[in-house]
Amino acid sequence: FMCIGTRRDESGFVELGDIIVEIEDYTINNEVDLLQSLESFKPGDKVRVTVERAESLKGEIRMKQLVFIIQLRAQSDSVKIKLQ
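For clarity, every value in this text was computed on a predicted model and none was experimentally measured.

Let us look at the packing of aromatic side chains. Taken as a whole, this structure holds one aromatic pair when the rule is applied. Measuring from centroid to centroid gives 6.3 Å for Y26 and F41, while their planes differ by 85°, and the two rings are edge-to-face. Of this pair, Y26 sits in strand 3 (residues 26–27) while F41 sits in the loop between helix 1 (31–38) and strand 4 (46–57), and the two are 15 residues apart along the sequence. For F41, a relative accessible area of 21% corresponds to the partly exposed category.

Set out below in structure tokens:
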């Protein structure tokens, strides 16, 4: 799994701590998978990103899967990626 260390994008979709598990049809298990999947796209492309997000419900932490459409940006605007 991949954890991103980033601010939210302008749309408020991606949050610090979200775990990216899929980009379009690419399964993301590690940083290499993430970088290889992104090579298939260019800045300005809109891609489907599936994340898992921890949520607390009645004292229990559960993972919730969310799907967003996100427009990619040039490298100078990119997010900082951090493995956990």
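Let's shift gears to the pairing of strand 5 (residues 60–71). With 12 bridges joining them, strand 4 and strand 5 adopt antiparallel strand pairing. By the bridge assignment, S56 is partnered in strand 5 with I61. Once strand 4 ends, the chain turns through two residues before running back antiparallel as strand 5, passing K58 with a positive phi of about 55°.

Pairing between side chains of opposite charge can happen when the charged atoms of each approach one another. Scanning the entire structure with this criterion turns up seven salt bridges. For the salt bridge of K42 with D45, the shortest nitrogen-to-oxygen distance reads 3.2 Å. For the salt bridge of R62 with E60, the shortest nitrogen-to-oxygen distance reads 3.5 Å. Classification of E60 by relative accessible area gives partly exposed; the value is 45%. Connected through shared salt-bridge partners, E22, E24, D25 and R48 make up one network.

Tracing the backbone shows R53 in strand 4. R53 sits in the buried class, given a relative accessible area of 17%. A distance of 2.8 Å separates a polar atom in the side chain of R53 from a polar atom in the side chain of D18.

Right, let's talk about the environment of I20 for a bit. Its location among the elements puts I20 in strand 2 (residues 19–23). Remark: the alpha-carbon pair of I20 and T50, spanning 30 residues in sequence, is separated by 6.0 Å.

Quick look at the environment of L66 now. With respect to the helices and strands, the residue L66 is situated in strand 5. Here L66 falls in the buried class, since its relative accessible area comes to 17%. C-alpha of L66 to C-alpha of V51: the two residues are 15 residues apart in sequence and 5.4 Å apart in space. Among all residues touching L66, those that are not within four sequence positions of it are V49, T50, V51 and R53.

Conventions adopted
Each residue is numbered by its place in its chain's sequence as written, counting from 1. With the structure being a predicted model, the display of local features is reserved for residues of pLDDT at least 70 and the display and counting of side-chain atom pairs for 80 or more, all residues being used for whole-chain, interface and lining totals. Side-chain numbers here rest on the full set of heavy atoms in the structure, without hydrogens or water. Pairing of aromatic rings covers Phe, Tyr and Trp, the last counted by its six-membered ring, and requires centre-to-centre distances within 6.5 Å; plane angles under 30 degrees mean stacked, over 60 mean edge-to-face, and any other angle means tilted. Only DSSP runs of H or I with at least four residues qualify as helices, and only runs of E with at least two residues qualify as strands; both kinds are numbered from the N terminus onward. Only protein chains enter the area calculation, which uses a 1.4 Å probe; residues under 20% of their type maximum are buried, those over 50% are exposed, and those in between are partly exposed. Any two strands are treated as partners once DSSP identifies two or more bridges connecting them. The term salt bridge refers to a pairing of a side-chain nitrogen on Lys or Arg with a carboxyl oxygen on Asp or Glu at a separation within 4 Å. Under this definition, polar contacts are N or O atom pairs within 3.5 Å; protein pairs additionally need one hydrogen-donor-capable and one acceptor-capable atom, and for neighbouring residues in sequence, both atoms have to be side-chain atoms. Whether two residues are in contact is decided by their heavy atoms: any pair within 4.5 Å suffices.

Geometric descriptors of this kind do not, in isolation, establish any biological role.
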